[in-house]
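Each chain, letter by letter, is given below.
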Protein chains: 2
Amino acid sequence: MNKHHLMAPGPTPVPHRVLEAMARPLIHHRTREFEAHFEGARRGLEWLFQTNGDVITLAASGSGGMEAAVANLLSPGDSALVIEGGKFGERWTELCAAYGVEADVLEVEWGRSVDMGVLEARLERGGHKALLMQASETSTGAKHDVQAVARVVRERSPDTLVVVDAITALGVYDLKVEEWDLDAVITGSQKALMLPPGLAFVWLSERAWRAASESTSPRYYFDLGIERKSQMKNTTAWTPAISLLAGLAVALDMMREEGLENIFARHARLARATGAAVEALGLAIFPRDLRSEAVTAVCVPEGVDGKAIPLRMQDAHGVTIAGGQDGLSGRIFRIGHLGYVDSSDVLATVGALESTLADLGYSLQRGCGLAAAQEVFDK
Amino acid sequence: MNKHHLMAPGPTPVPHRVLEAMARPLIHHRTREFEAHFEGARRGLEWLFQTNGDVITLAASGSGGMEAAVANLLSPGDSALVIEGGKFGERWTELCAAYGVEADVLEVEWGRSVDMGVLEARLERGGHKALLMQASETSTGAKHDVQAVARVVRERSPDTLVVVDAITALGVYDLKVEEWDLDAVITGSQKALMLPPGLAFVWLSERAWRAASESTSPRYYFDLGIERKSQMKNTTAWTPAISLLAGLAVALDMMREEGLENIFARHARLARATGAAVEALGLAIFPRDLRSEAVTAVCVPEGVDGKAIPLRMQDAHGVTIAGGQDGLSGRIFRIGHLGYVDSSDVLATVGALESTLADLGYSLQRGCGLAAAQEVFDK
């Protein structure tokens, strides 16, 4: 018997309270009961986003939220500066291509964080209607410094919209959405929000809402202006994902009970413990600049079959981690520690990792990863 | 104490078995376990759609599925013939406008079904890349004769794609998707499929797949070609709505246990019983030609406050029905009887309706609606 530990960088474990709420009989969405429920969730989202403005909820996964940002803020022929340092950076570029937006791609080596000097130089080209970036690049475990990026943009190109994919960042570490003067922030339900996938959330600044009113890109289901009109009245333009919204209210309650500062501190601690454990095992962390507190990406040690690591973790130990994607397949593995995750999950994961690596022929001193993790938790 | 009866034309009641499946801890979607699960669901969907081809699953509500059809099959400047006989017909027209498609609107009086002579004449105009229609117009309770429409299109304009919103039709009554030579059929999870909202399903004919490969409309999240490549390998391009898919497999199992013929017969019986009951109460059915087996739309009798009917049904009796939308607000009410609904739900609804109408000052002979419904069930 092995308990299952879902330690991927999304989807993340769903608490029983949330599962229970989603398992209740459905309520109809065109009722006062739903409206009261949805209003509570909207207030909770504003709290989580640290904003006074509307956070729009979409029945879609996070990629749908990214598409909504592109389709609402940019028009065919516009230019967007894309910080592309991983698979999700590439998604911005692909979205630009789909919508006829010229992507000025600032390539960042996978695993690195964007350099402010390079960014400043690139902004000199001018004409960027928006900058599209990840806060946390899930495919590499690297973080970009959103605050610094936003500051550089405001100094060098004040009208450029700062659009942040915060899918594995929001509710993981501090993103001061309004204080940093961001323009669009997107997240998804299956990350820090401790829900199954199926909801995307998009916040826009007033500057971005003005841009949305001028965009000529075709959109309907993802038209944020249409949704805003409905959601301000605590309803939705299209049929909402009612069961996921029932879970959302409970998940937000749990997050408020814990408190934002505690949530951020917990994720930081889980990331430090995971990082300390893998380093104590002689493994190298993949990101070289800023590490995301959501996911620890680890280099596969020489001589070990990298693709076998997640499979064996799953099959022999019941621990689901993620491998590398695309060019990183077999070269890294990724341990997610965001959302409904605590120290016991990290210990279970490190224990399973020690066994797995030993079984795959890697020479290590058993227990030293666990000891290093525990040392962080004991502090 | 009043048990809740969800008798809206969507969302519909979710069976306990399905709720339980959705309440299980999440599995990761990039695993062999998920792939095996998804393959089972795909086979079930093919059975439900009566087709050998791929049915694409999207994490979106039904409107997202409609948008996918427009964005994948039509290009800016194309012309589409829209059969517009209600609020969901209007949605096709709005989608055309959003995508720069010229909508040639064939207006059908709300509550009527499209006339084949009128349709033939309209097709004479030529140049229609697609015909967009509802199988069952949820806002009016009217049905269009999909088989007859498809036959007329094939005779008069063989290259026109027949695109059918079957959101409240598929799994309610017989739609011979391949035999009738349709090109696109869309449904959503929260109707006959007995699930919460959040999944849309789109089937395309080979003719439609060819059109999709030529369309120049911007699309990404709803790009059916991208999804098809992934789903043929039992995975999804974007993160799927995992918990809803867990429910989908169980719902499809339940539908297969009942059998398509029995499902269609049950819905026909529920519709006949509901219709007989309201007519026995002296009320008029709103649709004048073909009635949908999914929903019975009833004219509000003179002297009764139409908007009060659904509210009182809900508050005093725990029965959720729907009012009229837009121009029909206060003029009709709609009783849904699709999905996980049986004769006991109809009796509960008719009983509540009798009390509600009497309370609102309508003169009726108590019990005669119930007797008429029961007579249908006894046959």
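Below or above, wherever it landed, is the structure these notes cover. (Residues numbered from 1 in each chain as written. Chains lettered and ligands numbered in written order. Predicted model: local features only at pLDDT ≥ 70, side-chain atom pairs only at ≥ 80, totals over all residues. Heavy atoms only, no water.)

With that out of the way, let us pick up the sheet that holds strand β9 (residues 184-188) of chain B. Residue and element names in this part refer to chain B. A sheet is described by the order of its strands in space; here seven strands give the open sequence β2-β10-β9-β8-β5-β3-β4, paired in mixed fashion. Looking at the sheet topology across the chains shown, the edges are occupied by β2 (55-59) and β4 (102-107). For this sheet, the mean inter-axis angle between neighbouring strands, taken without regard to orientation, is 20°. As defined by bridge partners, strand β8 (residues 161-165) adjoins β9 across three bridges and the pair is classed as parallel. Bridge pairing links Asp165 to Ile186 in β9. Relative to strand β3 (residues 79-84), helix α4 (residues 87-98) is tilted by about 160°, and along the sheet it contacts β3, β4, β5 (128-134), β8 and β9. (Pairing = 2+ DSSP bridges. Helix = DSSP H or I, 4+ residues; strand = E, 2+ residues; numbered from the N terminus. Axes fitted to C-alpha atoms, helices over the stretch in contact; angles between N-to-C directions. Contact = heavy atoms within 4.5 Å.)

As a further point, take the packing of helix α10 (residues 260-280) of chain A against helix α13 (residues 368-378) of chain A. Packed helices, taken two at a time, are described by the angle their axes make and the gap between the axes. All names here are of chain A. Packing of α10 against α13 brings their axes to within 7 Å, and their N-to-C directions diverge by 150°. Of the possible angle classes, the one that applies to α10 and α13 is roughly antiparallel. Once α10 is placed against α13, the crossing between them reads as right-handed. Each of Arg269, Leu270, Arg272, Ala273, Ala276, Ala277 and Ala280 in α10 lies in contact with α13, whose residues at this interface are Cys368, Gly369, Ala372, Ala373, Val376 and Phe377. Broken down by class, the residue content of the contact of α10 with α13 amounts to ten nonpolar, one polar and two charged. (Parallel < 35°, antiparallel > 145°, perpendicular 65-115°, else oblique. Left-handed = near helix turned anticlockwise from the far one by under 90°. Nonpolar A, V, L, I, M, F, W, Y, C, P; charged D, E, K, R; others polar.)

A separate point is the pairing of β3(B). Residues and elements named next belong to chain B. Counting buried residues along β3, six of its six residues qualify, which places the element largely inside the surrounding structure. Relative to β4, β3 runs parallel, the two sharing six bridges. Counterpart to Glu84 in the pairing with β4 is Glu107. Assessed by its sense of winding, the connection that carries the chain from β3 through α4 to β4 is right-handed. Where β3 meets β5, four bridges bridge the pair, whose relative direction is parallel. (Buried < 20%, exposed > 50% of the residue type's maximum accessible area, 1.4 Å probe, protein only. Right-handed = clockwise from strand over helix to strand, strands pointing away.)

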